[in-house]
Amino acid sequence: MKKIIIIGGGIAGLAAAYRIQRKISEGADLECILLEGSERFGGKIFTEKSDGFIIERGPDSFISQKPATIQLCKQLGLEDRLIGTNPGTPSTFVYTNGKLVTMPDGLSLMIPTKFLPFALTSLFSLSGKIRMALDLFIPRKVGDSDESLASFVRRRMGEEALNKMAEPMLAGIYASDPEKMSIGSTFPMFVETERKYRSLIIGMLARKKALLVSANTDVTMNTGKRPTTSYSLFMTLKEGLGEIVDAIIKKSPDVQFKSAAKVAALEKQNHGWHISLANGSECHADAVIIATPGSITKKIIKPIAPELAELFERIHYVSTATVTLGYKKEGFSHPLDGFGFVVPKAEGKSILACTWTSSKYPHRAPDGYVMLRCYLGGALHEEIAEKDAETIQTLVRNDLKEIMGIKETPVFCRVFKNHKANVQYHVNHSEIIDSIMENLKKFPGLFLVGSSYRGIGIPDCIHSGNQAAEATLEFLGAKSE
């Protein structure tokens, strides 16, 4: 019997474990143990339930355009648990010049795809609109070298698009500095769109048309009926993302899930790997999947692979924080008629963004209450996320009072801090990862997965876990057909 050890119980490690469980269920003679150093599984996915509120300490949703999460939910029997965003309140706002301004309809990330809403919006100045429209005529970039998000947006859309859209929205997703973050590693679809269509606007219009035609054709051929939209862009589960974690563990009876099992040392032996735990226990494996954050992976592999560990020194992390607040709905100061807002750095606020959770997703708050979730820190405001919880709470409430006019006292306010937990994909990040994966070939039977490499979102991590599991099965001679 071949033995697989997975180190790290975040969603990437869990996805790998479930893929191996499915292979065991098919009859493969395998043993799989997942070791998690903390007391709980799920990594950044952490759902709390309190007095009818569903509170996410980590991510609160995933994007449906990347299929890995929805596919996993279907495999786990969770398809009927999936819920999308509220179609009745789709507006998103930008806080600029002291007020909340609605993002124009048809604005796909930062690319305008509808003329009239873009022409009439007060979000951009006339000169800013003209500069963005020049994307229709600007030639494509020559060469394949990576560049920063800021450089890319300035070149294609101008400074105003960078400051009011790309920095708070796109860089905000990664909690990154747009002057440093890699466009190729974070938004490769923009690079490919420019390469293929020259203009981002033309390319996004063509992409929307192709997606619509494809959806219409597929649904009509399969059902003979007019197509309907199955999923919104952002999806979650009825009782929070923690449902995925619980389901994987429940549906993997042949996998041993061990919490409070911190790895102290990893050694290469003639026939496999030897693992020592901090609690004094030991185990052997024929293959090892390391699914920990890069900063921890570096420490695990340094004794056996110092050159490989050195490459991890070039990957940086920043601290972030989230603040979730609940209020009584009666007499609440704001109608919450949308999904929330983002705040450009130039506005000088502590909050990077705020999700109006009870409006965006159904059943997040009990009847008679509303809930908000604010984001702080990141590469441009990291010092704020490092402050104590009481100070963070005060900063958030002051910002909400000024931005939204909220004067009421919340029924609860929860601060969650994530110290150096957000990986940064700086320019030429993909070259670092290519070097890591090339160096890894010197250690057959060792596999690396997670958000440090080629995608930070939940679908990316699940896809990474699946790939590692498949590579491990192939290495052990148990590859799927």
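Report on the accompanying structure. (Residues numbered from 1 in each chain as written. Predicted model: local features only at pLDDT ≥ 70, side-chain atom pairs only at ≥ 80, totals over all residues. Heavy atoms only, no water.)

**Observations concerning the overall build of the chain**
Link 1 in the chain: When helices and strands are counted, the chain shows 17 helices and 22 strands.
Link 2 in the chain: Relative to the 2.2 N^0.38 estimate, which gives 23 Å for 481 residues, the radius of gyration of the chain is 23 Å and therefore close to what a compact globule would have.
Link 3 in the chain: For the chain, the C-alpha atoms occupy an extent of roughly 70 × 55 × 55 Å along the three principal directions.
Link 4 in the chain: For the chain, the residues scored as buried account for 52% of the 481 residues in total.
Link 5 in the chain: Across the chain, the fraction of contacts at a sequence separation of at least 24, relative to all contacts at a separation of at least 6, is 73%.
Link 6 in the chain: Total accessible area computed for the chain in this model is approximately 22200 Å², and 52% of it derives from carbon and sulfur atoms.
Link 7 in the chain: Positive and negative side-chain charges in the chain, numbering 59 and 53 respectively, have mean positions lying 4 Å apart. (Helix = DSSP H or I, 4+ residues; strand = E, 2+ residues; numbered from the N terminus. Rg over C-alpha atoms; globule rule 2.2 N^0.38 Å. Buried < 20%, exposed > 50% of the residue type's maximum accessible area, 1.4 Å probe, protein only. Contact = heavy atoms within 4.5 Å. Areas by Shrake-Rupley, 256 points an atom, 1.4 Å probe, with all protein chains shown as cover. Lys, Arg positive; Asp, Glu negative; His and termini not counted. Charge placed at Lys NZ, Arg CZ, Asp CG, Glu CD.)

**With respect to the sheet that holds strand β15 (residues 282-285)**
Link 1 in the chain: Taken together, the three strands give an open sheet; going across it, the order is β13-β14-β15, and neighbouring strands pair in antiparallel fashion. Looking at which strands have only one partner, the edges of the open sheet turn out to be β13 (263-269) and β15. Direction aside, neighbouring strands of the sheet carry axes that sit 20° apart on average.
Link 2 in the chain: Bridge analysis of β13 against strand β14 (residues 272-277) gives six bridges, and the strand direction is antiparallel. (Pairing = 2+ DSSP bridges. Axes fitted to C-alpha atoms, helices over the stretch in contact; angles between N-to-C directions.)

**Some remarks on a nonpolar patch on the surface**
Link 1 in the chain: There is a patch of nonpolar side chains on the surface, built from Leu-126, Ile-130, Leu-134, Leu-136, Phe-137 and Ile-202 and spanning about 580 Å² of accessible area.
Link 2 in the chain: Along the chain, Leu-136 turns up in the loop between α4 (126-133) and α5 (149-156). (Patch = residues over 30% accessible without salt bridge, like charges linked within 9 Å, V, L, I, M, F, W, Y side chains within 5 Å. Salt bridge = Lys/Arg side-chain N within 4 Å of Asp/Glu carboxyl O.)

**Concerning the sheet that holds strand β22 (residues 446-448)**
Link 1 in the chain: Pairing in this open sheet of five strands is parallel, and the strands run β12-β2-β1-β16-β22 from one edge to the other. Edge positions in the sheet fall to β12 (255-258) and β22, since each of these pairs with one other strand and no more. Put simply, the sheet's adjacent strands are angled 15° from each other on average, direction ignored.
Link 2 in the chain: Bridge analysis of strand β1 (residues 2-7) against strand β2 (residues 30-35) gives six bridges, and the strand direction is parallel. Paired with Ile-4 across the bridge in β2 is Cys-32.

**Details of the packing of α5 against helix α8 (residues 188-197)**
Link 1 in the chain: Following both chains from N to C, one finds α5 and α8 inclined at 35°, their axes separated by 12 Å at the closest point. Our pair here, α5 against α8, has a crossing hand that is left-handed. On the side of α5, the interface is formed by Phe-152, Arg-155 and Arg-156, while α8 contributes Phe-190, Val-191 and Glu-194.
Link 2 in the chain: The residue inventory of the contact of α5 with α8, partitioned by class, reads three nonpolar, no polar and three charged. (Left-handed = near helix turned anticlockwise from the far one by under 90°. Nonpolar A, V, L, I, M, F, W, Y, C, P; charged D, E, K, R; others polar.)

**Digging into the packing of helix α2 (residues 68-75) against helix α17 (residues 458-475)**
Link 1 in the chain: Interaxial distance between α2 and α17 falls to 7 Å at its minimum, and their mutual angle equals 65°. Considered as vectors, α2 and α17 are oriented roughly perpendicular to each other. Every residue of α17 that contacts α2 at Ala-68, Thr-69 and Leu-72 is listed here: Ile-458, Pro-459, Ile-462 and His-463.
Link 2 in the chain: Grouping the constituent residues of the contact of α2 with α17 by class yields five nonpolar, two polar and no charged. (Parallel < 35°, antiparallel > 145°, perpendicular 65-115°, else oblique.)

**Observations regarding unusual backbone geometry**
Link 1 in the chain: One non-glycine residue, Ala-175, adopts positive backbone phi at about 50°.
Link 2 in the chain: Here Ala-175 is to be found in the loop between α6 (159-173) and α7 (183-186).
Link 3 in the chain: Residue classification places Ala-175 among the buried residues on the basis of a relative accessible area of 9%.
Link 4 in the chain: The backbone of His-363 shows a phi angle near 65°, a positive value even though the residue is not glycine.

**Observations concerning the nonpolar core**
Link 1 in the chain: Counting 65 residues, the largest nonpolar core has Met-110, Ile-275 and Val-288 as its most contacted members.
Link 2 in the chain: Per-element tally for this core: the top contributor is α6, with seven residues.
Link 3 in the chain: Once you skip the residues sitting within four places of it in the chain, Val-288 turns out to touch Ile-5, Ile-7, Leu-266, Trp-273, Ile-275, Gly-445, Leu-446 and Phe-447.
Link 4 in the chain: Judged by nonpolar contacts, the second largest core, of 47 residues, contains Phe-62, Leu-237, Val-245 and Ile-248. (Core = buried A, V, L, I, M, F, W, Y, C linked by side-chain atoms within 4.5 Å.)

**Focus: α17**
Link 1 in the chain: Taking 1.5 Å per residue, 18 residues should reach 26 Å; α17 reaches 26 Å between its end C-alpha atoms and fits that length.
Link 2 in the chain: For α17, every residue scored as buried is listed here: Ile-458, Pro-459, Asp-460, Cys-461, Ile-462, Ser-464, Gly-465, Ala-468, Ala-469, Glu-470, Thr-472 and Leu-473.
Link 3 in the chain: Directly after α17, the chain includes Gly-477, whose backbone phi takes a positive value near 80°. (Expected span 1.5 Å × (residues − 1).)

**Some remarks on the pairing of strand β20 (residues 369-377)**
Link 1 in the chain: Among the nine residues that make up β20, seven are buried, leaving the element largely enclosed by the rest of the structure.
Link 2 in the chain: In this sheet, β20 lies alongside strand β17 (residues 316-328) in antiparallel orientation, the contact comprising nine bridges. Bridge pairing in β20 places Val-323 opposite Cys-374.
Link 3 in the chain: Bridging between strand β19 (residues 353-355) and β20 involves three bridges; their strand directions are antiparallel. Its bridge partner being in β20, Thr-355 is matched across the sheet by Arg-373.

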